[in-house]
Amino acid sequence: MDQKRLELNIASTFDELDLAVEQLQDFIPTLDLDDDLSYRVILLASEALTNAIEHGNKWDENKHATLRLVMQEDRIELTVTDQGEGIHWTQEDPLEEKKRLADHGRGQFFMRKMADEVYIDEENCRLDLVFHCIPQNL
C-alpha cells in the first residue's frame, strides 16, 4: 500500500478551522477505513486542531497550526502543532461529578480513550496520535 497523506497549515481563525475540517472529512474516505475508525480519526483530528488554535494560538490569526495525517500499512499517524507556549496536558476525568457540566476538558480525555497511542511534546507544542488499522480492501 502506498502512503497516503494530508498536510494542512492554517491560520488560527474559525473560517480556516472549518475549511480544515472539511478537507479532513473529504480525505478520510479515501483511506478505505471502517466507520468506527473513520469517526475516531475525524473527531480527534478536529479536536486536536481546535485545541491548537484555541488554547495554543489563542485565536491569533497571525499564528498557524498544522495538521499532518499519514496512513501507512497498519497505522495512521496524526500530528498537530501550534505556535503557542506549550501544551498543558491534564489527567483530569471529565466524568467526575464536579466536572460533568464544564464547557472544556473532554478533548484530552477522548484522545486518551479513542487513539491507540498518544504522545505529547509539551515544549514544542506537538501532539501525535496513532491509530492502528487494517484497511477494508485487504
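It should be noted that the structure appears before, not after, this text.
Everything quoted here is computed from the prediction, not taken from an experiment.

### So, helix α2 (residues 35-56)
- In this model α2 runs 30 Å from its N-terminal to its C-terminal C-alpha over 22 residues, within 8% of the 32 Å that 1.5 Å per residue would give.
- For α2, the N-terminal cap is Asp-34; the gap from its side-chain oxygen to the backbone nitrogen of Asp-36 is 3.0 Å.
- Positive phi appears at Lys-58, one or two residues downstream of α2, with a value of about 50°.

### Comments concerning the pattern of salt bridges
- Under the definition given, this model contains four salt bridges.
- We note a salt bridge from Arg-5 to Glu-7, for which the minimum N-O separation is 2.7 Å.
- Here Arg-5 falls in the partly exposed class, since its relative accessible area comes to 39%.
- The closest approach of N and O atoms between Glu-77 and Arg-75, which form a salt bridge, is 2.9 Å.
- On the basis of relative accessibility, which here comes to 23%, the residue Glu-77 falls in the partly exposed class.
- Since its relative accessible area comes to 22%, Arg-75 is described here as partly exposed.

### Focus on the sheet that holds strand β1 (residues 4-11)
- Ordered in space as β1-β2-β3-β5-β4, the five strands form an open sheet in which the pairing is antiparallel. What marks the edges here is a single partner per strand, and that holds for β1 and β4 (117-121). Across the sheet, the axes of successive neighbouring strands diverge by a mean angle of 10°, strand direction being ignored.
- Of the pairings in the sheet, the one linking strand β3 (residues 75-81) to strand β5 (residues 126-132) comprises seven bridges and is antiparallel in character. If you follow Leu-78 over to β5, its bridge partner there is Leu-129.
- Strands β1 and β2 (64-71) of the sheet are contacted by helix α1 (residues 14-27), whose axis makes an angle of about 175° with β1.
- Sheet strands touched by α2: β1, β2, β3 and β5. Its angle to β3, the strand with the most contacts, is close to 15°.

Here is what the cut-offs are and how they apply
Residues numbered from 1 in each chain as written. Predicted model: local features only at pLDDT ≥ 70, side-chain atom pairs only at ≥ 80, totals over all residues. Heavy atoms only, no water. Helix = DSSP H or I, 4+ residues; strand = E, 2+ residues; numbered from the N terminus. Expected span 1.5 Å × (residues − 1). Polar contact = N/O pair within 3.5 Å; in protein donor to acceptor, adjacent residues only side chain to side chain. Salt bridge = Lys/Arg side-chain N within 4 Å of Asp/Glu carboxyl O. Buried < 20%, exposed > 50% of the residue type's maximum accessible area, 1.4 Å probe, protein only. Pairing = 2+ DSSP bridges. Axes fitted to C-alpha atoms, helices over the stretch in contact; angles between N-to-C directions. Contact = heavy atoms within 4.5 Å.

Everything listed here is a matter of geometry and, on its own, says nothing about what the molecule does.
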